[in-house]
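Residues per chain are reported as follows:
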Amino acid sequence: MKPAMIIDLNKCVGCGACVAACVMENQYKEGKPPEPGIIASLLSRLVGLPIYKETPLKEAIKRVERGEDPKEVLGKLFMTRTLVVREESGEYPNVKVKFWHKICHHCDDAPCAHVCPTGATYVTKEGIVMVNKSKCIVCGACITACPYAARSIDVYNRAVDKCTLCEHRIKKGLLPACVETCPTGARTFGDLEDPKFKAKVSKACNENERVFFIE
Amino acid sequence: MKSLKLLSSETFNFSVDGLEKAREVGLKVVPSICRMCTAACSIMVEAKGNEAVRVYGNPYAKYHNKGHICPRGNSGPLQINNPDRLRKPLIRIGGRRGEWNFEEVSYERAISEIAKVIKEKWDEGEPHKVILVVGQAAAAAYGDPISMAIAPTLKTNNVISLPLSTCIGSKVFAWGFSGVPGVHALLVADFERTKFFLSYGRNLGGSVAVGLTAKAGHALGNYKLVVMDPRMSEWASKADTWVPVRPGTDLAVFLAMTNVILEEGLYDEEYLRKYTNAPMLVDKKTMEPIKTKKIKLKNPLKEFEAIDFLVYDEASESFKFSREAKLPSLTYEGEYEGKEVTTVFNLLKDHVKEYTPEWAERISGVPSELITKIAVEYAISKPAAIEPGWSANKYYNHFQLYRAAATLSIITGNLLRPGGVVLSMGGIGKVLQRSPPPIAGPPVAPKPSLLYEYEKKTKIKLSDGTVTEGPLIPWGKGYHGLVKAAKEEKGLVIIVLGGNPARTFMGKAFHELASSPNVEKIIDIGLMKDDTVLYSDIFVPECGYLERYNHLAGIPFSLAKGFMAAFPVIERGCMSMLQIWAKVFEKLGALEEYSKRLGQVLCKGCDIKDDLVNGNFENIIKKQAEVNGVNFEEIKRKGIVYLTDESWGLEMNDKILKNGWLNTASGKVEILPIKMLNLIKKLKGGVIKPEWHPLPTWVPPLWYGRLGSDEFVLLTGKERNMSYTWTQPNPLLSWIVDEEKKIWINKRRASELGIRDGQQVEVCSEHGCIRGPAKVTEGIVPEAVYVPPNYGFEIKLLFGKYKDMPFNVLQSPELVDPVTGTHLMADMIVKVKGV
Ligand code: SF4
Ligand code: SF4
Ligand code: SF4
């Protein structure tokens, strides 16, 4: 079993359904945030870092009501493991638009895993790059090392957060949330050991990853 | 991870197996219908306790949204749990409308107040002074119940439908005159079977109705895509050819395409001879059919009267009625009983002769060679589809634009053909029932109504400089009539159902009404804290869509026949729209009447009175299921049940075409609409103007020829996060799935004005100004400035964004389409400056 995702940029209309589905699946649905770990509690006591106790929505309401900037608050609380950004090139009227996808590529030889000093970032035997949040010390090395800007900070856990290929869903036989919702079928998901799926991948631009882009 | 095998690379991006497996292990998933926009996608909602935590596209919705949903659909739980939702009814205790001065009251109290207001009108013998204003979402969810049960029980025929009056009116009529209802859900491009798709006036990548995006998107690559749009929208970015066009001039391109197709002989001759009125013999001068006779026709639902028209039969070389002729001539010219006659086909060909590609280039900015190329490709790619239209009415000439689109679809033999433009399940039903002409959609006011009378008085300036009184078709659905009525009629009561007219397109007109002493009360039955509540006297909250049932309903946009329904995911002690009205009518002693009417609409006359009062909607769905041959347990589990596959719809389209069962006078596809000729005679004394010429005709948009060198034409459209009135309070939509830079301006023009990317700019029309961040881009025609329609608010919203960008202040309720009276969204000249 080698799970992988294909993102066909010829089909992506940049609608952002994948972004919304990921946030809802991985941040909103979780509901109650975890108890702050030892490191987080320690840090918050020593340097006064805030501790977030409520669900992302409740936390956001509380903070914005207090006058904090909604953009900043929501950006922190609703982590975007994936984003779709419009990129324009050319001059009017010869304009091309492509959508760049922020997402972990689940690299075969993952630079983030190499630089992680604690072993918090690791690669599963199926090739999914994961973070063990309880081991993460937020040193930021992986964030710098990632060539795809795919990692962000989880303020709840004081750890690094990233796409898990929705491991929790695929284990149950469900599709990753972003793939399931994608209206145009730009994001597809399958098993590289399935010859039909593999055949689709041969059109992709980088074969040394688990998220393939077709341009 | 063995179960991964469940998903094969061959499947769609969704899985029924996965869903049912998840259910088996205890996941609570309830089927519902998304109401984040009007498109009614079928969804499955995951609940944890009394919380809706996730919304999924329903994998059973094979011929609808195919298991997918858009960002708005995904963000549904954030609407339900939004801090700006109002949970309690409110009654104004002082202050003017526009001031927040309310007392929270019980449902019981608010409902009594509403009943009292209505009773007064009844007692005064003026029930028609109650005016319903139906918002986008309510029209989509309760269109028929409102117009066929709530309004008649209120004894009023004054119903303003905001989608009809601001978005789709002109295209509804334009397609309607050719015999097919032009309502979104009823007429669709058949993406899955097409070879060529000509898209215009719409952004399928950022637009509502992901069911269509899913069909069009999955099939990308199987058809050639041409997108004509002043802006490089998300959808345009997918096109094989993006055709930037000056705003409101796509009509010129369509007319030139029609010309090319007819001149080059690329039309579908057989289709035109057999199924259309192209061979109809008409008086050369008046365009009147030279001879007709009444005939009786019978379709599976109805026996009806139609007319047949005279043609010249090339097979027998004689004049015959079309249904008796073997080979009706397209090009006959000669004499009939001493009168010079010609065919509609000849008329059309002559009529569009002046519209050359070079002429169209001068107007639209689209190179003439490109126009010719697209025309040829569109005509020879079989089958080819053209966009039937979405929020269409943006420019003054939009009625003619959609007449031209319909004509293009007809002359190439693509209307009601697989891969062309086809009737959906609902459209098929409306056509077979011969619903009120020409829309076959929500009924036109049954009797001339108060609004109809005032609409007729609207003065409209025509392109030839003359002024006409009232649009060609005053149909009592627009708010320009209401604004006039409020100047003369005392004691009006306005009831808003599910929308935010104070801040969407009705905007200014609503503010004017709210400050008029002639408007006695404004009642708002809605959901969120919004500007309309601020301008109301009584507010009653209805349930959010995840908190209520949705009665069994047909599937929009679908060629397969089936039904969908929604079941409450969570329980919040709220009341639904239909129940609120049951309670109001109970107090008015009219419950019997209301439930009878509603029973008629919902389940062919079943008795639902007790269910309504008790809020037992599950029982109503059961009754509906029985009447429609649907298994209740199945619909409860799946949310959507198909009785057929898509071949049913394709076959019905074929039958309607071949038997001549269309909703026209002749039953055939009409290029020259006979009903339209009659209307012009009846309402405009037979005077034909370009605006309502029955053949597609050039009418310039209002801005045309008046644009100063420092001015722009206003352009609007759909964004990926745009959910009508519910975008802004939704933190995910307004802050996460949003593009920050909003006001699109061409790079060259921006640099001339010294405007930088991201800079705050002010856009002003003669009616008002807005402010927002500029997006300096190469992806827009130099003449246009694009402003999204879904921002701006007066009231305090916790997660609100771009308060100062209310699109509607740039508009004027006075500007309407001269044919249908539909309000113009964007035909305004604006200036832009950095601030
Ligand atoms: S959901 Fe699909 S089409 Fe939409 S932005 Fe994501 S990948 Fe692109
Ligand atoms: S696979 Fe899951 S975690 Fe990764 S981007 Fe998609 S939804 Fe987010
Ligand atoms: S298009 Fe999106 S918002 Fe509209 S009904 Fe479908 S999922 Fe809901």
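Worth saying up front: this structure is predicted, and the values here are computed from it rather than measured. (Residues numbered from 1 in each chain as written. Chains lettered and ligands numbered in written order. Predicted model: local features only at pLDDT ≥ 70, side-chain atom pairs only at ≥ 80, totals over all residues. Heavy atoms only, no water.)

S.K.: How do you make sense of the state of the cysteines when you look at a structure like this?
M.R.: Here, the word disulfide means a covalent bond between the sulfur atoms of two cysteines. Residues and elements named next belong to chain B. This structure, assessed with the given rule, holds three disulfides over all chains. Between the sulfur of cysteine 543 and that of cysteine 574 lies a disulfide, 2.2 Å long from S to S. The disulfide joining cysteine 543 to cysteine 574 has a torsion of about 110 degrees about its S-S bond and is therefore right-handed. With cysteine 543 in the loop between strand S24 (538-541) and strand S25 (550-554) and cysteine 574 in the loop between strand S26 (562-566) and helix H19 (577-587), this residue pair connects regions lying 31 residues apart in the sequence. Under the relative-accessibility criterion, cysteine 543 is labelled buried at 5%. (Disulfide = S-S within 2.5 Å. Helix = DSSP H or I, 4+ residues; strand = E, 2+ residues; numbered from the N terminus. Buried < 20%, exposed > 50% of the residue type's maximum accessible area, 1.4 Å probe, protein only.)

S.K.: How should helix H3 (residues 56-65) of chain A be read in this particular structure?
M.R.: Every α-helix carries 3.6 residues per turn, so stepping three or four residues along brings you back to the same face. Here H3 of chain A lies mainly inside the structure; seven of its 10 residues are buried. Those residues of H3 of chain A lying buried are Pro56, Leu57, Glu59, Ala60, Ile61, Arg63 and Val64 of chain A. Residues of H3 of chain A that are buried sit in contact with helix H1 (17-28) and helix H4 (70-77) of chain A together with helix H3 (76-80) and helix H26 (731-736) of chain B. Glycine 67 of chain A sits one or two positions beyond H3 of chain A and adopts a positive phi of about 105 degrees. (Contact = heavy atoms within 4.5 Å.)

S.K.: When you look at the domain arrangement of chain B in this model, what are you seeing that I'm missing?
M.R.: In many reports, interface size means the accessible area that the parts give up when they come together. Residues and elements named next belong to chain B. For chain B, the assigned domains read domain 1 (183-427) and domain 2 (712-834). One C-alpha centre belongs to domain 1, the other to domain 2; they are set 32 Å apart. Tallying the contact residues gives 20 residues for domain 1 and 27 residues for domain 2. Summed over both sides, the interface between domain 1 and domain 2 buries roughly 2100 Å², with carbon and sulfur atoms accounting for 62% of that surface. Across the salt bridge formed by glutamate 783 and arginine 246, the nearest N and O atoms sit 2.8 Å from each other. Joining domain 1 to domain 2, the criterion identifies nine residue pairs in polar contact (both at pLDDT 80 or more). Broken down by class, the residue content of the side of domain 1 that touches domain 2 amounts to 11 nonpolar, five polar and four charged. (Domains from an automatic or database assignment. Buried area = accessible area lost by both parts, 1.4 Å probe. Salt bridge = Lys/Arg side-chain N within 4 Å of Asp/Glu carboxyl O. Polar contact = N/O pair within 3.5 Å; in protein donor to acceptor, adjacent residues only side chain to side chain. Nonpolar A, V, L, I, M, F, W, Y, C, P; charged D, E, K, R; others polar.)

S.K.: Looking at this model, I keep getting lost on the domain arrangement of chain A. Mind explaining?
M.R.: All names here are of chain A. Each domain of chain A was delimited in the assignment, giving domain 1 (1-28 + 87-99 + 163-215), domain 2 (30-77) and domain 3 (104-162). For domain 1 and domain 3, the distance between their C-alpha centres works out to 20 Å. For the pairing of domain 1 and domain 3, the buried interface totals around 1200 Å² over both sides, and the portion due to carbon and sulfur atoms is 52%. For domain 1, the biggest contributors to the area lost against domain 3 are Cys163, Glu209 and Arg210; these three give 44% of the whole. The tally of links from domain 1 across to domain 3 stands at zero salt bridges. Applying the counting rule to domain 1 against domain 3 returns two residue pairs in polar contact (both at pLDDT 80 or more). Put simply, the parts of the chain that give the side of domain 1 that touches domain 3 at least two residues each are helix H7 (167-170) and strand S9 (211-214). When grouped by side-chain class, the residues that make up the side of domain 1 that touches domain 3 number seven nonpolar, four polar and five charged.

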